[in-house]
Amino acid sequence: MNRTKALLLTAVLLLPVVLAAEDAPGEDFLPFLFVAFAITWLAFFVYAFFMSRKQADLKREIDALREQQDGDGDS
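Just so it is clear, the structure is predicted and the values come from calculations on it, not from any experiment.

Participant: An account of the overall build of the protein is requested, with residue identities and associated values reported.
Facilitator: Helix and strand content of the protein: two helices and zero strands. Looking at the protein as a whole, 8% of its 75 residues are labelled buried. If you sum the accessible surface of the protein, you get close to 6500 Å²; carbon and sulfur atoms cover 66% of it.

Put into structure tokens, the structure is as follows:
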């Protein structure tokens with residue numbers, strides 16, 4: 001979650017810089033490009049966070065099943 005906060009903070013701090021860069025031709029769309037870039041990375045980190053949590057849950061469930069199987073084998 002710290003990465004998400006860092007990414008959002010970076011986006012908030014850099015947005016005025018990106019919005020102020022309107023001198024060169026073709027730079028009118030840079031703010032949209034930056035926002036799309038930031039949203040893409042944010043989505044990636046949110047996805048990675050949820051996948052790591054799901055992987056940890058599955059690992060705990062596998063460990064519990066192994067312990068249960070070992071307990072049934074001793075009887």
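Participant: Outline the packing of aromatic side chains, supporting the account with residue identities and numerical values.
Facilitator: For the structure on display, the rule yields six aromatic pairs. Centroid distance phenylalanine 49 to phenylalanine 50: 5.5 Å. Interplanar angle 70 degrees. Geometry classified as edge-to-face. One aromatic cluster is present, formed by Phe37, Trp41, Phe44 and Phe45 through successive ring pairs.

Participant: Which residues make up the pattern of salt bridges, and what are the values?
Facilitator: In total, this model carries two salt bridges according to the counting rule given. Across the salt bridge formed by aspartate 63 and lysine 59, the nearest N and O atoms sit 3.4 Å from each other. One end of the pair is aspartate 63 and the other is lysine 59, both in helix α2 (residues 30–74) and four residues apart, which spans about a single turn. We classify lysine 59 as exposed; its relative accessible area is 52%.

Conventions we followed
Residues numbered from 1 in each chain as written. Predicted model: local features only at pLDDT ≥ 70, side-chain atom pairs only at ≥ 80, totals over all residues. Heavy atoms only, no water. Helix = DSSP H or I, 4+ residues; strand = E, 2+ residues; numbered from the N terminus. Buried < 20%, exposed > 50% of the residue type's maximum accessible area, 1.4 Å probe, protein only. Areas by Shrake-Rupley, 256 points an atom, 1.4 Å probe, with all protein chains shown as cover. Phe/Tyr/Trp six-rings, centres within 6.5 Å; stacked < 30°, edge-to-face > 60°. Salt bridge = Lys/Arg side-chain N within 4 Å of Asp/Glu carboxyl O.

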